[in-house]
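As a plain string of letters, each chain reads:
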Amino acid sequence: MADPTSGSPTTYRSPLLELPKAVPAPDDSPDSAVPWHFGDPFVEQRAAETGAVVVDRSHRQVIAVPGEDRLSWLHLLISQHVTELPEGAGTEALILDSQGRVETHLLLAHLDGCVWMDTDPGSTVTGARQQPDQPVLQYLEEMRFWSKVEPRDASDEYAVLSLIGPEVPAILEGVLGSVPPAPSDANQHPVAALPGGGVVRVVPWRTAPTADLLVPRGELLDWWRRLGELGARPAGSWAYEALRVAALRPRAGLDTDGRSIPHELGWIGGAAHVAKGCYRGQETVSKVHNVGRPPRRLLLLHLDGTPELLPEPGDPVTSEGRSVGRVGTVARHHELGTIALALVKRSVPVGRELTAGIPEREVAAAVDPDSVPPETGEPPGRVAAQRLRG
């Protein structure tokens with residue numbers, strides 16, 4: 001692989017692109033290094049909802065953090081509570097800037113004395129000395145100080161394959177002999193060792209069982225074939241992204257901008273802990289949770305898919321001629337049609353007519369009411385303040 005720690009997309013090209021029927025994504029796609037589809041992306045999406053698919057995500061950056069202080073050290077740098085993350089468990093986490101804005105999303109797996117983390121290729125953060133666009137690994141290395149940790153790039157060691165679909169538990173049984181038991185903490189995910197080396201991490205989506213496998217990179221093709229023999233149909237990034245959007249799972253860099261905070265994206269709890277302190281950006285996380293509400297919320301939009309040109313990430317969402325949000329990932333779903341994730345102002349009524357995109361690719365849009373996050377009562381801090389005043 002090219003150096004995945006450089007802070008820019010790598011020149012990596014997956015060997016699975018050489019498989020029959022594998023079609024690469026457009027060059028401007030963040031997933032151009034892996035197959036886009038294998039001939040029929042809509043059939044691939046249906047297979048993920050009725051059986052199981054395997055998706056090549058081998059372009060993701062993998063970082064290993066071994067060492068005696070691995071959990072206590074990471075606890076000070078990321079948004080999730082991990083000091084007591086047990087072996088055989090994983091979670092999600094964020095790296096925030098000093099204002100609590102999302103910079104990088106990470107998936108973690110703790111196994112055999114090491115925390116394995118993976119993130120999108122080219123992910124960057126604001127450095128310890130406020131350098132912009134610093135590679136994640138470089139930031140971690142600068143924050144080591146005297147801690148007994150040895151963070152390293154492990155992208156040449158392991159590659160990510162993802163399974164999606166109701167038959168995923170059966171496939172994991174075929175691989176492991178049993179499905180890893182769920183941890184008692186709802187914000188933690190089951191993790192187990194793969195036979196012959198590697199890690200499997202179960203990451204439940206609200207729409208389907210899913211699992212990520214960190215397999216030895218030299219055995220990527222062997223694992224792809226093995227999972228296929230166990231019943232997983234090959235699928236590309238088109239299917240994965242469409243299913244991700246339908247599951248309301250945001251992707252940092254596509255569904256976020258320079259102002260995004262975890263509360264807007266549904267990452268409180270699952271990726272950001274509100275009761276821990278001493279990490280960059282925690283003041284914003286705590287204050288918004290306890291006293292206020294986020295200015296925007298992540299919603300699913302149904303778009304008019306008839307025009308040839310569709311909105312792109314970063315395009316505005318408008319209402320009555322005024323900007324009320326931004327478009328994130330746009331995808332063509334096999335049942336829902338053309339859909340998109342979008343950050344929209346909380347003040348915008350759900351039933352209001354919207355448009356998405358700049359003038360040359362502007363389309364009608366409507367909010368999916370089932371995607372609106374529930375709001376239960378006043379924030380706890382505001383209630384406490386009202387009681388004191390009363």
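For the structure itself, look to the data block above.
Residues numbered from 1 in each chain as written. Predicted model: local features only at pLDDT ≥ 70, side-chain atom pairs only at ≥ 80, totals over all residues. Heavy atoms only, no water.

## A look at the sheet that holds strand 19 (residues 337-345)
Read around the barrel, six strands follow the order 16-19-18-17-20-21 and close on themselves; strand pairing throughout is antiparallel. Neighbour-to-neighbour, the strand axes of the sheet open up by a mean angle of 40°, direction not taken into account. Pairing of strand 16 (residues 296-303) with strand 21 (residues 363-367) involves three bridges; the strand directions are antiparallel. For His302, the partnering residue across the bridge sits in strand 21 and is Ala366. (Pairing = 2+ DSSP bridges. Helix = DSSP H or I, 4+ residues; strand = E, 2+ residues; numbered from the N terminus. Axes fitted to C-alpha atoms, helices over the stretch in contact; angles between N-to-C directions.)

## Considering unusual backbone geometry
For Leu248, which is not a glycine, the phi torsion comes out positive at approximately 60°. Position of Leu248 among the secondary structure elements: in the loop between helix 6 (237-246) and helix 7 (282-290). Backbone geometry places Glu320, a non-glycine residue, at a positive phi of 55°. On the secondary structure map, Glu320 appears in the loop between strand 17 (316-319) and strand 18 (322-333). Exposure remark for Glu320: the relative accessible area of 72% places this residue in the exposed category. (Buried < 20%, exposed > 50% of the residue type's maximum accessible area, 1.4 Å probe, protein only.)

## Regarding the side chain of Lys276
Positionally, Lys276 belongs in the loop between helix 6 and helix 7. For the buried Lys276, which has no salt bridge, the nearest side chain bearing the opposite charge is Glu283, at an N-O separation of 12 Å. Polar side-chain contacts of Lys276 include one of 2.8 Å to the backbone oxygen of Ile78. Within polar-contact distance, the side chain of Lys276 engages the backbone oxygen of Gln80 at 3.0 Å. Each residue touching Lys276, except ones within four places of it in the same chain, is listed here: His75, Ile78, Ser79, Gln80, His81 and Gln282. (Lys, Arg positive; Asp, Glu negative; His and termini not counted. Salt bridge = Lys/Arg side-chain N within 4 Å of Asp/Glu carboxyl O. Polar contact = N/O pair within 3.5 Å; in protein donor to acceptor, adjacent residues only side chain to side chain. Contact = heavy atoms within 4.5 Å.)

## Overview of the packing of helix 4 (residues 168-176) against helix 5 (residues 220-229)
Between helix 4 and helix 5, the least distance of the axes is 10 Å, while the angle of their chain directions is 120°. If you check the angle between helix 4 and helix 5, you find them oblique. Every pair of crossing elements has a handedness; the one defined by helix 4 and helix 5 is right-handed. Along its contact with helix 4, which presents Ile171, Gly174 and Val175, the element helix 5 presents Trp223, Arg226 and Leu227. In terms of residue class, the contact of helix 4 with helix 5 is made up of four nonpolar, one polar and one charged. (Parallel < 35°, antiparallel > 145°, perpendicular 65-115°, else oblique. Left-handed = near helix turned anticlockwise from the far one by under 90°. Nonpolar A, V, L, I, M, F, W, Y, C, P; charged D, E, K, R; others polar.)

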